[in-house]
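# Architecture and fold: a report
What follows is each chain in one-letter form.
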Amino acid sequence: MKFSGFIKHAVVALSVCSVATVFADQTKLNISDYLSLADEGKIYPSERQKEMLRPFMPEKAYQPAPPISDRAFWKQIATKESAQKIYEQAVADINKNPAVPISDEIYRRANKEGNRGMYKPRYYRTMEVLERTVIAECIENEGRFIPQINEHLNAIMEMKSWLHPNHDDRENSVLEGKRVAIDLGARKFGSVIMLADVLLEDRLAEEMRTEIRSQVEWRITDSYLKSCRGEDMKGNTWIWGTSNWNAVCTGGTLFSSLTASEDPEVRLAIVGCALNSMKFYLAGFGADGYCSEGIGYWNYGFGNYLYLAQTIFDYTHGGIDLFRFDNPEKMQRVGNFPVNFEIQQGVYPCFADGGAKLSEGNDNYAYILSAKNYGARKPAYSRPADITMQLQEWADPVSYVDPNVADVVLPSHTFFDDFGIVISRGKQEVPFSIAIKAGHNNENHNHMDVGSYVMVLGDDHVMCGDLGAPPYQAGSFSPKHPMRSSWGHPVPRVDGTLQSEGEEFRGEVLETEFSETRDRVVLDIKPAYEVPTLGTLIRTMENDKTGKGSITITDAFFASKPIEFGTAVMTHGDYKIVNSKTVMLTRDGRKIKVEISSEGGAFRIEDEEVKAKAIRYADEAFRIGIDFKKKLASGSITMVFTPQD
């Protein structure tokens, strides 16, 4: 890290004739070579991988920042606006008691019902108060916060389970002490208590420090390494994952283990496991940089990946560079994903469980580090997700946050050809744009949504299309959930059949035409359906960007015998069925007329509410079904969407 006079590193001597000798003169680990030496089917590093790592591993544990005894450093930090905000909040919270442990009864209820509101605020409120009071004590150095810090540390370590209850199994076996596992909550608990230990040092009693490290070894380090060695096949399966879980849990595990463990071999194994595991996480991104989890999970998951990368980079003095990993070109595209994924003016496609926009209050650590490492758009403000990330920014206050950031002029279109995602942007005075996807039905946070789209009119008005994520409750991840199945998406229903779940159920981009005045995309979405009699199903999108603009979507099918066929318009906004061929959509003062026509037979329009326990991004949602009145062997339905004054 960039702290002057901060922690000296030493390199372990190499054994003669070892594999490491080959790499001894290298200043950076060759990650491609490293990955090629992995034991098949193992996350735990092979002996040859360990030898490659040794020249880069320090003798001492990771110290994320100077401890409280370094008064020059903490007096400097106290002058920062971000540190003052943390301090002021800690003072305001000084009488707050820990909100954990929650009772066994609440834990079991939350597990059964999937109700996050019963526990999640308590978990994170406890962590956040502890983080802030640790920093406040480092700034003030008067002992005023120590009693509250000790109280929170004891409360966390008294918890039977650090897991979010809905991440335990149905028998609550972690709560019952039958096993140990790491999830999004547990990795954070481990990081927070180790932050207190390494920054406050002897301000905490020796017994407390011993217990902190014992708990981290038991709940985090040992659990992680057992899973990586294949000794625990039930817990921590995220180590193989391509979703945000892998990056988030690995990053927290790395921090707590590198700071807690006094054994250099354990720290080496932790770093080695993280490298092998991140190969799988990064495989979840398209070669084109596409993140199927959406913009919110890019910010969360990739932000934690970048945090992990910065931690390893700092710890090894730049010797291990996960910012480039084994494919710098792909990493560059992943880092610039947001600007390429944006539809217009801060609005993104809400495919799968992605949100349509990020609120300004959200953390933006992924944007900060992407600007620094990939030349991505500079954010206008700095708001890391948690204190451990904040420490990294304080260590290296480079000028990648720009308070005068100007809006980027987006291109007229973006085509993520690996996943088959097209963003077609209108350039009218009131821009009218669409994002449409092919994809497959086994993407991260998957919905049955091949062919789905999102239409945006004006500044930030999502007028119709994909409804986005359902709230996370019991049953919300079922493929039959009304907002996760293709019934709850603007895609066809074929002979009473919805799209099936699995990677083989996919779409293919057959044709594309792009110009400043007109974009056209042709999708084959037949493979998404298990309907033996279906011969072809083609969805065509045309965006006419002239005048006020219009977007046309046509679904054409052919079958070996007559079948039922229909499609739908989905909306969170107000609507009116004007007549048998026209629907008017209204949202926040904007209007779109939908004119419907067909070939092959007559159709009817029938609307119904999307009935779910809760809607995440609006008060309600509706499906406006457009179905042929009779079975047909072939036909097409065309919808023309035109903005209205």
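Residues numbered from 1 in each chain as written. Predicted model: local features only at pLDDT ≥ 70, side-chain atom pairs only at ≥ 80, totals over all residues. Heavy atoms only, no water.

### Quick notes on the pattern of salt bridges
Overall, the coordinates contain 34 salt bridges when judged by the stated rule. The salt bridge involving Glu-51 is made with Arg-54; its shortest N-O contact spans 3.0 Å. The residues Glu-51 and Arg-54 share a single accessibility class, namely buried. For Arg-518, the salt bridge is made with Glu-542, and the minimal N-O distance between the two is 3.4 Å. Residue Arg-518 is found in strand 10 (residues 518-524), and its partner Glu-542 is found in strand 11 (residues 534-544); the two are separated by 24 residues along the sequence. Through salt bridges with shared partners, a single network forms among Glu-511, Glu-513, Arg-518, Arg-520 and Glu-542. (Salt bridge = Lys/Arg side-chain N within 4 Å of Asp/Glu carboxyl O. Buried < 20%, exposed > 50% of the residue type's maximum accessible area, 1.4 Å probe, protein only. Helix = DSSP H or I, 4+ residues; strand = E, 2+ residues; numbered from the N terminus.)

### Quick notes on the sheet that holds strand 3 (residues 432-437)
The strand order across the open sheet built from five strands is 1-2-3-5-6, with neighbouring strands paired in antiparallel fashion. Sheet topology places strand 1 (413-416) and strand 6 (461-465) at the edges, where each strand pairs with a single neighbour. With direction set aside, neighbouring strand axes in the sheet form an average angle of 10°. With four bridges joining them, strand 1 and strand 2 (residues 421-424) adopt antiparallel strand pairing. Each residue of the ladder has a partner; that of Phe-415, found in strand 2, is Val-422. (Pairing = 2+ DSSP bridges. Axes fitted to C-alpha atoms, helices over the stretch in contact; angles between N-to-C directions.)

### Some remarks on the packing of aromatic side chains
Throughout the structure, instances matching the rule amount to 31 aromatic pairs. Summarising the aromatic geometry, the rings of Trp-162 and Phe-189 are spaced 5.9 Å apart at their centres and angled 35° between planes, so their arrangement reads as tilted. Here Trp-162, found in the loop between helix 7 (146-158) and helix 8 (184-200), pairs with Phe-189, found in helix 8; they are 27 residues apart in sequence, far enough to count as distant. As far as burial versus exposure is concerned, Trp-162 and Phe-189 are alike and both buried. When the centroid spacing of 5.8 Å and the interplanar angle of 70° are considered together, the rings of Phe-285 and Phe-302 count as edge-to-face. Here Phe-302 lies in helix 12 (residues 295-315) and Phe-285 lies in the loop between helix 11 (264-283) and helix 12, a separation of 17 residues in the sequence. Exposure remark for Phe-285: the relative accessible area of 5% places this residue in the buried category. Three or more aromatic residues link up through ring pairs in this structure, and these residues are Tyr-281, Phe-285, Trp-298, Phe-302, Tyr-305, Tyr-367 and Tyr-374. (Phe/Tyr/Trp six-rings, centres within 6.5 Å; stacked < 30°, edge-to-face > 60°.)

### Overview of the sheet that holds strand 7 (residues 493-494)
In spatial order, the strands read 7-13-18-17; together these four strands make up an open sheet with antiparallel pairing. The open sheet has two free edges, formed respectively by strand 7 and strand 17 (603-609), since each of these has just one partner strand. Where strand 17 lies against strand 18 (residues 622-628), seven bridges are found, and the strand directions are antiparallel. Bridge pairing in strand 18 places Asp-607 opposite Ile-624.

### Considering the confidence of the model for the protein chain
When pLDDT is averaged across the protein chain, the result is 91; 93% of the residues are at 70 or more. Here residues 1-25 is a poorly scored stretch, pLDDT under 50, and it has 49 contacts once near neighbours within four places are set aside; other chains count. (pLDDT = per-residue confidence, 0-100. Contact = heavy atoms within 4.5 Å.)

### Some details on the environment of Lys-437
Mapped onto the elements, Lys-437 comes out in strand 3. Taking the C-alpha atoms as reference points, Lys-437 and Glu-508, separated by 71 residues in sequence, lie 9.2 Å from one another. Apart from the residues lying within four places of it in its own chain, the contact partners of Lys-437 are Phe-351, Gly-420, Ile-421, Glu-443, Asp-449, Val-450, Gly-451, Ser-452 and Leu-523. Among the polar contacts listed, one links the side chain of Lys-437 to the side chain of Asp-449, at a separation of 3.2 Å. (Polar contact = N/O pair within 3.5 Å; in protein donor to acceptor, adjacent residues only side chain to side chain.)

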